[in-house]
Every structure is written in structure tokens, then in C-alpha cells.
Protein chains: 2
Amino acid sequence: MLLLKNNPIILKLGGSVITEKDKPLTPNLQVIERLAEEISRADIKPLIIVHGGGSYGHPLAKKYGIAEGFKDYSQIFGFSKTHEAMISLNRLLIKSLLKHHLPAFSFSPSSFIMTEDGRIQTFNDEILRAALKLDLIPVLYGDTVFDTKRGFAILSGDQIVSALAIKLRAEKIIMGIDVDGLYNSDPKKDPSAQLINEASLGDLAKMIRNIGESSVPDVTGGMLGKILELRAAVENGIEALIINALKPNNLYKALKGEVVLGTRIRR
Amino acid sequence: MLLLKNNPIILKLGGSVITEKDKPLTPNLQVIERLAEEISRADIKPLIIVHGGGSYGHPLAKKYGIAEGFKDYSQIFGFSKTHEAMISLNRLLIKSLLKHHLPAFSFSPSSFIMTEDGRIQTFNDEILRAALKLDLIPVLYGDTVFDTKRGFAILSGDQIVSALAIKLRAEKIIMGIDVDGLYNSDPKKDPSAQLINEASLGDLAKMIRNIGESSVPDVTGGMLGKILELRAAVENGIEALIINALKPNNLYKALKGEVVLGTRIRR
């Protein structure tokens, strides 16, 4: 196994940050450019970027019922089309990163990661390590993947982030999303929602008990579910910092380790 | 290991077939459409397609000296740009195949294949098998890949074809190129060049001795070198059929096992 000199930062760029969430197949090019500039200015390495699908992934995946697994042959085309849509979004990000002199290199998750019942089963990180050793910035994305039980599945960028962080002993995880962090209720619906600046896994467990597990997605606007996907990484001692990547300079500050508004999740 | 019910046909589409060889980054869309239609009409499965780079791969790879391996940091951008160019060509082919109701699915070779000194070292075919089991048509391409000795390397579509054929015990290999097959001299330069309809590995070895090894690439217009890349597969008992994919209906006939002009290589 190739040992890395330094532990990488794993950066997740949310689909709702880099795409127009409500317009199918529409990138948010202005934000992509700004984020590429901030990453370039921060000049951090080793770095791995994982991005979500936003309006590229979700509408197609939903239309063809990809998340439910293989039911009939017609889905097969949707499976491939969703993958192609993700590649086209990925290419826009890569192009912008290269333009800002960042040596980004695209990795296709479905080519080397398989799931079992929706959870990562096969994941050889050897080639990612080779890329990091050459000072490249691997860029991955939430993808349609092959699944040993269901035929196929959706592999979220968040699940990739958590697995990567553990495998590569990440320095930290930065989650760039479209709100300031984790709130005690959904900030998009409740104006009195309060940002949680810091939480331990114990705090999160308590929060879930208070809300009631089934209401968690609604109450926190989906954020708590995303954070729970990172639980395994945080349990391994890796800190996760959730920031609003729609606000200029937040990502730069987070990468540099400067003070920034957000939610810090610690073991 | 997932066992396949039937042995797949491995189809190589040459870069000089699907691109305008002399115009950088220019696809031959008319040919791509026609080939997709022929593949659709033949309705053969399991099938795997591997394509070359033509004017998408070669100019960039040459400009940045990718084939020579990692020498200095500036090449890193060329490495990524060549990969991106190959993805953009791949997307055009996938789009055309999907349009003709072929369930094509893109695999990125650099995400799961590593070379050692230019030769395939790591190559897990588990996910390809899962794709074939779902009746998908995996589509791969010659790519810039990570190399354990050189840092990076060019992995030709031909080398992928040979390795795939052996791993998946291919029914046969079909090589779609821009001439009718292997000639006894370069048909693009010598009007008296004669097509060889059938050759054994022994015949090829004899031919090489007669020509003199160093003159082989020039004398046969590069074809013999391409065929030698398939030697390992042919030694495993897999037949390779070389046809002119620029001539309408040749690919259809080859896929259906009908009589077609070309060169047949047997053990």
C-alpha cells in the first residue's frame, strides 16, 4: 500500500451548491468558478473533492427509480443516463478547476466502487493514492453504481466522503452546503431555527431521540441525515466541518483552517 | 467471481474510425451514428466496446509527453486534459449508442486499471461482470492511467481489448479499423499491397522476421504492431477479426458472424 506523506482533506461540494437545484440539468457556473478560485487560492494538498448531483442527478434517478434497484430492463437506460448526467456535471467542475491551475483528475465511482444493498462493499483506493502521490486532486461524485444485491444503486457523495476519509485517514472533512450548517430545526422553513456551532456524536444521538427518528429528515431539512452518513468517519476521530459554500470566502477559510461560521462535528 | 452465461464479444472501434484523424478534437459523428445503428441491428450480447482516441487522444498526449511518464509537474495538467478529452469522445459514442436503444455504460479505465511500466498490472473485472450480468454494454477507451513505475502512462485501447478478452474468455475480438485488414505492406503507401485474409501467430512471426523487427511499424502501416498487442489473447485461443469499419455493413456482418472482408488471426 502506498503511504501518503500527509493526510488529505476531503472536500464535499453539495449538489445544491454547484447546480440550480430546481432547474433540471442546470449548473451554477458562477458558484463553480468562485469555488475553484477559492480552492486555488487556499493551495491545500493533499486534497480530494467529491461532489453531489443536485439537479443533474436527482430528477433522472427519480424518474427511473434507480435508488430502488433493478426491477425491469427499462431502468437500465435511466441508470446509464443518470451516470452520463453526473459525468457532464463533473466535467464542468474539472474544467473550472484546471482553469484555476488546480491539477484535478476525474475518477468515476461506478468504475471502481460496488455496493451491497446500497452500502459500499468493494472500494480499492490504490489508484487514488497513486493520484495523490503525483499531487493530483482526485475529483469523485455521487454516482449510479452496481450493487451485488439490487443490481444497481445510488451511491451518495456523502457515503463516498465518509469511506474515503476512513481509508485515507483524512485530516478533516469539509462539507460545503447551501445553509450555514446544522440547525435545531429546518432553517428554510423555521425563521427561529438556531445554528449549532459544535456537536459531538453523543449530542447528535440525543437530538435524534428528542426529534423522533422518523421526523429527522423533515425537521432538520435533511442535514442531520447527511451528517449521520459521516458518523463512521467521525467515530474514527476525523473532524467534519459543515459550512455554507454559497457564501463567498467560507470555503477558503475552512480550507485554511481559519475561523468560519458553520457546524463542527467531533467524536 | 460472477460467472457469465455466455462469452462476450469484444469490439474495438479504432480512433481513426470514430474521429477525423487529422483534425484535433473532431469526432466523425456520421460514422459513429452508422456504427451504433449496425451494432443495434446486430443485437449481439454480451458485448463490450473499447474505443481509441484518434484526434482526441494523440495530439494532447504527444504535446505533454504522457507516454514517456512523469518527468515534471507541468505534464500533470496534460495528463488530466488528455483524460478529459477521451471522456468527451466517449460521451459522444455513449449518446449515440443510447439513442439506438443500446444500454451502453461508460467505464473509465484510469479509475480501475493501473499499469507497471506501461503494461496492465491492476485490473479488477468484477464490476464489468456485474454490468454484463445486467445486459449492459460496457464501453471503455484508451486512457491516461497511473503507472507504478512511471507515475503515469498511456494505456491503449488495444491493450485493454487483449486483457479483457483473456479475463472474460471472449467469444471473439473484432477490430474495426480504417483499412481492410493486415496487408503485406502499407496499403496507404503501396498500391500493390495485398490483404492477408487469414494468419496464424506463426505466420505473423515469420512475417516479422522477413520484414525485420524495427521496420515493422512502417512497413505494415502500424497494423502488425496492433495485432501483436492481441497476441496474448490469440494464444489463449481467442480469434481476432480485423475489419474496415469505415465501410458500411462490415461491422454488422462481423458481429453476426457473416462472411466479411478482413483478416482473421488464429492461434
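Since the model is a prediction, treat every value here as computed from it, not as a measurement.

Visitor: Account for the pattern of salt bridges, with residues named and values stated.
Guide: Applying the stated rule across the entire model yields 34 salt bridges over all chains. Among the salt bridges present, the one from Lys45(A) reaches Asp135(A), with a minimum N-O distance of 3.5 Å. Taken together, the positions of Lys45(A) in the loop between α2 (29–42) and β2 (47–51) and Asp135(A) in the loop between α6 (126–133) and β6 (137–141) put the pair 90 residues apart, joining distant regions of the chain. Between Glu198(B) and Arg266(B) there is a salt bridge whose closest N-O contact spans 2.4 Å. Taken as a pair, Glu198(B) in strand β10 (residues 198–200) and Arg266(B) in strand β12 (residues 263–266) lie far apart in primary sequence, 68 residues in all. Assessed through its relative accessible area of 48%, Glu198(B) is described here as partly exposed.

Visitor: Could you give an account of the nonpolar core, naming the residues involved and the relevant values?
Guide: Phe146(A) and Phe146(B) are the most contacted members of the largest nonpolar core, which totals 191 residues. For this core, the two domains that each supply at least three residues are domain 1 (1–170) and domain 2 (173–267) of chain B.

Visitor: Provide a residue-level description of the relation of the copies chain A and chain B, including the pertinent values.
Guide: Relative to chain B, chain A is turned by 180° and slid 0.0 Å along the rotation axis, the superposed coordinates differing by an RMSD of 0.0 Å. The relationship between the two copies is best expressed as a two-fold rotation axis. When each C-alpha of chain A is compared by its distance to the rotation axis, Phe112(A) comes out closest, at 2.7 Å. A shared binding surface is used by both copies, with 100% of the interface residues of chain A retained as interface residues in chain B.

Visitor: So what about the pairing of strand β7 (residues 143–147) of chain A? Which residues, and what values?
Guide: Residue and element names in this part refer to chain A. With 5 of 5 residues buried, β7 is to be regarded as a mostly interior element. Bridging between β7 and strand β8 (residues 151–155) involves 5 bridges; their strand directions are antiparallel. Its bridge partner being in β8, Asp 147 is matched across the sheet by Gly 151. Between the antiparallel neighbours β7 and β8 lie 3 residues.

Visitor: Provide a residue-level description of the side chain of Ser110(A), including the pertinent values.
Guide: Assignment of secondary structure puts Ser110(A) in helix α5 (residues 109–112). Here His83(A) takes part through its side chain, which lies 3.5 Å from a polar atom of the side chain of Ser110(A).

Visitor: So, the environment of Ile154(B): which residues are in play, and what are the values?
Guide: Residues and elements named next belong to chain B. Considering the arrangement of structural elements, one finds Ile 154 in strand β8 (residues 151–155). Each C-alpha atom of the pair Ile 154 and Gly 118 lies 6.9 Å from the other, and the pair is 36 residues apart in sequence. Setting aside residues no more than four positions away along its own chain, Ile 154 makes contact with Ala 61, Ile 66, Ala 67, Asp 143 and Thr 144.

Visitor: Please give an account of the packing of helix α2 (residues 29–42) of chain B against helix α4 (residues 75–99) of chain B that cites residues and values.
Guide: All names here are of chain B. It is at 9 Å that the axes of α2 and α4 come closest, and there the two elements cross at 40°. With respect to each other, α2 and α4 are oriented oblique. Judged by the twist between their axes, the crossing of α2 over α4 is right-handed. From α2, Leu 29, Ile 32, Glu 33, Ala 36 and Ile 39 reach across to α4, where they touch Leu 92, Leu 93, Ser 96, Leu 97 and Lys 99. Classifying every residue of the contact of α2 with α4 gives 7 nonpolar, 1 polar and 2 charged.

Visitor: Which residues make up the sheet that holds β6(A), and what values go with them?
Guide: All names here are of chain A. Overall, mixed pairing links the 8 strands, which are arranged β3-β6-β2-β1-β9-β11-β12-β10 in an open sheet. In this open sheet, the two strands that pair with only one neighbour each are β3 (104–106) and β10 (198–200). Strand-to-strand twist across the sheet, computed as the mean angle between neighbouring axes with direction ignored, equals 20°. Both β3 and β6 contribute to a ladder of 3 bridges, which runs parallel.

Visitor: Describe helix α7 (residues 157–167) of chain A, and please don't skip the residues or the numbers.
Guide: Each turn of an α-helix holds 3.6 residues, which means side chains three or four residues apart point in the same direction. Residue and element names in this part refer to chain A. Extensive coverage of α7 is indicated by the burial of 9 of its 11 residues. Taken together, the buried positions of α7 are Gly 157, Asp 158, Gln 159, Ile 160, Val 161, Ser 162, Ala 163, Leu 164 and Ala 165. A positive backbone phi angle near 45° is found at Arg 169, which sits one or two residues after α7.

Visitor: Help me get a handle on empty space enclosed by the protein, residues and values and all.
Guide: Under the defined criterion, the tally for this structure stands at 1 cavity of 30 Å³ or more. Put simply, the largest cavity is a space of about 70 Å³. Around the largest cavity, the lining residues are Ile87(A), Asn90(A), Ser106(A), Ser108(A), Tyr141(A), Ile87(B), Asn90(B), Ser106(B), Ser108(B) and Tyr141(B). At the level of elements, α4 (75–99) of chain A together with α4 of chain B are the ones that each hand at least two residues to the lining of the largest cavity.

Visitor: Give a detailed account of the interface of chain A and chain B, specifying residues and quantitative values.
Guide: With 40 residues of chain A at the contact, the number on the chain B side is 40 residues. Summed over both sides, the interface of chain A with chain B buries roughly 3500 Å², with 72% coming from carbon and sulfur. Counting the contacts that link chain A with chain B gives 2 salt bridges. A salt bridge links Arg91(B) to Glu84(A), with the shortest nitrogen-to-oxygen separation between them at 3.3 Å. Our count for the chain A to chain B interface comes out at 8 residue pairs in polar contact (both at pLDDT 80 or more). Within the residue set of the side of chain A that touches chain B, elements represented by two or more residues are α4, β3, α5, β4 (113–116), β5 (119–123), α6, β7 and β8 of chain A. Among the elements that line the side of chain A that touches chain B, the one with the most residues is α4(A), at 12 residues.

Reading guide: rules and limits
- Residues numbered from 1 in each chain as written.
- Chains lettered and ligands numbered in written order.
- Predicted model: local features only at pLDDT ≥ 70, side-chain atom pairs only at ≥ 80, totals over all residues.
- Heavy atoms only, no water.
- Salt bridge = Lys/Arg side-chain N within 4 Å of Asp/Glu carboxyl O.
- Helix = DSSP H or I, 4+ residues; strand = E, 2+ residues; numbered from the N terminus.
- Buried < 20%, exposed > 50% of the residue type's maximum accessible area, 1.4 Å probe, protein only.
- Core = buried A, V, L, I, M, F, W, Y, C linked by side-chain atoms within 4.5 Å.
- Domains from an automatic or database assignment.
- Least-squares fit on C-alpha atoms with pLDDT ≥ 70 in both.
- Contact = heavy atoms within 4.5 Å.
- Pairing = 2+ DSSP bridges.
- Polar contact = N/O pair within 3.5 Å; in protein donor to acceptor, adjacent residues only side chain to side chain.
- Axes fitted to C-alpha atoms, helices over the stretch in contact; angles between N-to-C directions.
- Parallel < 35°, antiparallel > 145°, perpendicular 65-115°, else oblique.
- Left-handed = near helix turned anticlockwise from the far one by under 90°.
- Nonpolar A, V, L, I, M, F, W, Y, C, P; charged D, E, K, R; others polar.
- 1 Å grid on protein atoms, 1.4 Å probe; cavity = no way out; pocket = protein on both sides within 12 Å on 5 of 7 lines; lining within 4 Å.
- Points joined across faces, edges and corners; volume = space filled by probe spheres on them.
- Buried area = accessible area lost by both parts, 1.4 Å probe.

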